[in-house]
Amino acid sequence: MPTRPEDEDWSDSDDEALSGVETDVLLGVPDGRVESDSDLRDAAVSRIGGLPALLPSREPPFPSSQCKNCSSPMELLVQVWCPFENSPMDRALYIWGCARASCQRQPGSVRAWRALRYNADYAAKLEKKKARKDAERQAASPTPANNANPFSVQAPAAPSPFNLGDQIFGQTSSSPFEPPPTVEVDKGDDQSDDESEASSTEDSLITAMASTTIQESPWTAAPSYPPIYLSTMAEYIPPAPKSKIPDNARMEDSADDDKGGKDGAWGLEAYENTLKVDLVFERFTRRIGHTADQCLRYELKGTPLPFASDKVFEVLFPAPPQDPLPVTGAAFKVVSPVKRSYNVSSIPHCSVCKSSRVFECQLMPNLINVIRAAAKDKDIDGDRKLTDAERIKAVQAVLKSNQSTGMEWGTCMVFACEKDCCLAESGQDATECWREEHVLVQWDE
């Protein structure tokens, strides 16, 4: 997706310029419990929670889901079906997160993996579509000049009384405006390919169903939240309401009020309070307030929405160098507001192909609320099925573990390989791969 110029820089006033528009961001919102077994096994079904529908034909190693701090298996937060446009590879993202209190604010407590698998059926469709476009392009291009000797006489393959001029000028009887006869353009295939391309190819989705099952594997014993469908919608920022000042309104200078009030200390106090306001967090809450139930923001090669003014924000949106401020009144000068630019140079490159990583998606705070509510409903349903003895045993197990849980992040940003590489350890192209990508977490202070 192309990025908008206004997204390259960060400013508190950016939202005003974006009001009343549909952005390039896709929002992931919860859309009901997943009850279908086929959907649970389908890697092309994006979801919140549940067990992963593993895309590679060879089962990935189970430690991929383990926390790097406590080494315990983590719950799957989201699985996103996100193949690249015009790519023959099926593609999915898997993001796990640890809920143990002792692991919060620690690197490695949120991990993201990228899975690729070659889709032969869709690759054939892409090749067919490319050949058709090449034929149409060649047919539309101007005919090259004929450099043959105009005075040479060549006998036609099949004489005809209507091609006398052709015999004289040494040309064949075929029209120069006809497309090459060796390429056959099937309009029926054209229409069907366009329809399947618009819907991300229904055949591709069927082929993308996880060919492997996680029956009789460690993945079946992994902890999990109740699975919930993750649907997508375009982000729309409504126009800001315009406040109209009545014609009979009178503007008054508040500085004239209470002049004797302790040397204007109230004004200084108000100014100091505004310094404590995190403008980055204020913009974050204002932006997501337009669609409060969003759990995921997806914008490949776009710009993440920072959660707060912390170290991660300083890394992604570094302030430009500025001249030192004058210390004397005689050297007073007006300082323009700082305009921060988005910069990914600090993000580690892909560990396999060494290409740059780009922003792809980020988890939003409402995801924690959705997961917590789904887990609570699951506990209620489970309690109804437990006997008194089983319920007492479950309570004792919780008390004995004495492990407080609860995720405390504000947002988790995922940066993936820009080339979406699929290489074997030898560096050769592979038909499938399983790669860990870089995650930046902004914690809720």
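The rules behind the values
Along each chain, residues carry numbers from 1 onward, in the same order as the chain's sequence is written. Totals for whole chains, interfaces and linings use every residue, but because this is a predicted model, local features are given only for residues with pLDDT of at least 70 and side-chain atom pairs only at 80 or more, for both listing and counting. Remark: hydrogens and water are excluded; side-chain values derive from all non-hydrogen atoms of the structure. Remark: exposure states derive from per-residue accessible area (1.4 Å probe, protein chains only) relative to the maximum for the residue type, with buried under 20%, exposed over 50%, and partly exposed in between. A run of DSSP states H or I qualifies as a helix once it reaches four residues; a run of E qualifies as a strand once it reaches two. Both are numbered from the N-terminal end. An arc is given here, and it is the one of the directions from the helix axis to the C-beta atoms. Confidence scores labelled pLDDT are given residue by residue by the predictor and lie between 0 and 100. Residue contacts are counted whenever heavy atoms from the two residues lie within 4.5 Å of one another. Salt bridge, as used here, is a side-chain nitrogen of Lys or Arg placed within 4 Å of a carboxyl oxygen of Asp or Glu. Any two strands are treated as partners once DSSP identifies two or more bridges connecting them. To estimate the expected span of a helix, count its residues, drop one, and scale the result by 1.5 Å. Any N or O atom pair separated by 3.5 Å or less is treated as a polar contact, with the protein-specific requirement of one donor-capable and one acceptor-capable atom, and with residues adjacent in sequence counted only for side-chain atom pairs. Pairing of aromatic rings covers Phe, Tyr and Trp, the last counted by its six-membered ring, and requires centre-to-centre distances within 6.5 Å; plane angles under 30 degrees mean stacked, over 60 mean edge-to-face, and any other angle means tilted. Cysteine sulfur pairs qualify as disulfides if the two atoms are within 2.5 Å. Here the nonpolar core consists of buried residues drawn from Ala, Val, Leu, Ile, Met, Phe, Trp, Tyr and Cys, with membership extended through side-chain atoms lying within 4.5 Å.

## A word on helix α8 (residues 279-288)
Where α8 is concerned, the buried positions are Val280, Arg283, Phe284, Arg287 and Ile288. End-on view of α8: buried residues confined to an arc of 120°, all on one side of the axis.

## Examining the confidence of the model for the chain
With 62% of its residues at a pLDDT of 70 or more, the chain has an overall mean of 77. In this model residues 150-185 is a low-confidence stretch, pLDDT under 50, and it forms 24 contacts with partners more than four residues away in sequence or in other chains. Here residues 254-274 is modelled with pLDDT under 50, and outside its nearest four sequence neighbours on either side it reaches three contacts, counting other chains as well.

## Things to note about the pattern of salt bridges
Counting across every chain of the model gives 14 salt bridges. Here Arg91 and Asp420 are joined by a salt bridge, their closest N and O atoms 2.8 Å apart. Within this pair, whereas Arg91 is found in strand β5 (residues 89-97), its partner Asp420 is found in the loop between β11 (409-417) and β12 (432-443), the two being separated by 329 residues in sequence. This pair shows no difference in class: Arg91 is buried, exactly as Asp420 is. For Arg357, the salt bridge goes to Glu437, with nearest N and O atoms at 2.7 Å. With Arg357 in strand β10 (residues 357-363) and Glu437 in strand β12, the pair connects residues that are 80 residues apart, well separated along the chain. Like Arg357, the residue Glu437 is buried in the burial classification. Among the charged side chains, a salt-bridge network with shared partners connects Arg91, Arg114, Arg357, Glu360, Asp420 and Glu437.

## Some thoughts on the pairing of strand β2 (residues 21-33)
Sheet analysis places β2 next to strand β7 (residues 228-237), joined by eight bridges and oriented antiparallel. Along β7, the bridge assignment pairs Pro30 with Leu230. Where β2 meets strand β8 (residues 296-298), three bridges bridge the pair, whose relative direction is antiparallel. Counterpart to Gly28 in the pairing with β8 is Leu296.

## As for helix α3 (residues 120-140)
Given a rise of 1.5 Å per residue, 21 residues ought to cover 30 Å, and the 30 Å separating the end C-alpha atoms of α3 matches this to within 8%. Turning to α3, its buried residues are Tyr122, Ala123, Leu126, Lys129, Arg132 and Ala135. The opening residue of α3, the one whose side-chain oxygen lies 3.3 Å from the backbone nitrogen of Asp121, is Asn119.

## What to know about the sheet that holds β8
Spatially, ten strands are ordered β2-β7-β3-β4-β5-β6-β12-β11-β10-β8 in a closed barrel, and the strand pairing comes out antiparallel. Sheet analysis places strand β3 (residues 47-48) next to β7, joined by two bridges and oriented antiparallel. Across the sheet, the residue bridging to Ile48 is Ile228, located in β7.

## Regarding the packing of aromatic side chains
Evaluated as defined, the whole model comprises eleven aromatic pairs. Judged by centre distance (6.1 Å) and plane angle (15°), the rings of Tyr94 and Trp96 are stacked. On the basis of relative accessibility, which here comes to 1%, the residue Trp96 falls in the buried class. With centroids separated by 5.4 Å and ring planes inclined at 15°, the aromatic side chains of Trp113 and Trp434 adopt a geometry described as stacked. With Trp113 in strand β6 (residues 110-118) and Trp434 in strand β12, this pair connects stretches of sequence that are 321 residues apart. With relative accessibility at 10%, the residue Trp113 sits in the buried group. On the accessibility criterion, Trp434 (11% relative accessible area) is buried. Three or more aromatic residues link up through ring pairs in this structure, and these residues are Phe62, Tyr94, Trp96, Trp113, Trp219 and Trp434.

## Some words on the side chain of Arg117
With respect to the helices, strands and loops of the structure, Arg117 is situated in strand β6. Polar side-chain contacts of Arg117 include one of 3.1 Å to the backbone oxygen of Leu55.

## A look at the state of the cysteines
Scanning the model with the defined rule gives zero disulfides in all. The thiol of Cys350 is unpaired, and the distance to the nearest cysteine sulfur, on Cys421, comes to 3.6 Å. Between Cys361, a free cysteine, and Cys82, which holds the nearest cysteine sulfur, the sulfur-to-sulfur gap is 7.1 Å. For Cys361, a relative accessible area of 0% puts it in the buried group.

## Topic: the pairing of β11
The buried fraction of β11 amounts to nine of the nine residues, a majority that puts the element mostly inside the structure. Pairing of β10 with β11 involves six bridges; the strand directions are antiparallel. Its bridge partner lying in β11, Leu363 is registered against Cys412.

## Brief notes about unusual backbone geometry
A positive phi angle is found at Ser71, which is not glycine, with a value near 60°. Looking at the element boundaries, Ser71 is found in the loop between β3 and β4 (75-81).

## Concerning the nonpolar core
Core analysis: the biggest nonpolar cluster contains 33 residues, and Ile48, Leu77, Ile95, Leu363, Leu367, Met407 and Trp409 have the highest contact counts within it. The element that contributes the greatest number of residues to this core is helix α10 (residues 366-385), accounting for five residues. Those residues in contact with Leu363 that sit more than four places away from it in its chain are Leu77, Val78, Ile95, Cys295, Leu296, Trp409, Gly410, Thr411 and Cys412. In this structure, Phe62, Cys67, Met74 and Tyr94 belong to the second largest nonpolar core, which totals 20 residues.

## Re the side chain of Arg435
Relative to the elements of secondary structure, Arg435 occurs in strand β12. Taking relative accessible area as the criterion, Arg435 reaches 14% and is therefore assigned buried. For Arg435, the side chain forms a polar contact with the main-chain oxygen of Leu423, separated by 2.3 Å. The contacts of Arg435, once residues within four sequence positions are left out, are Ala112, Trp113, Arg114, Val352, Leu423 and Ala424.

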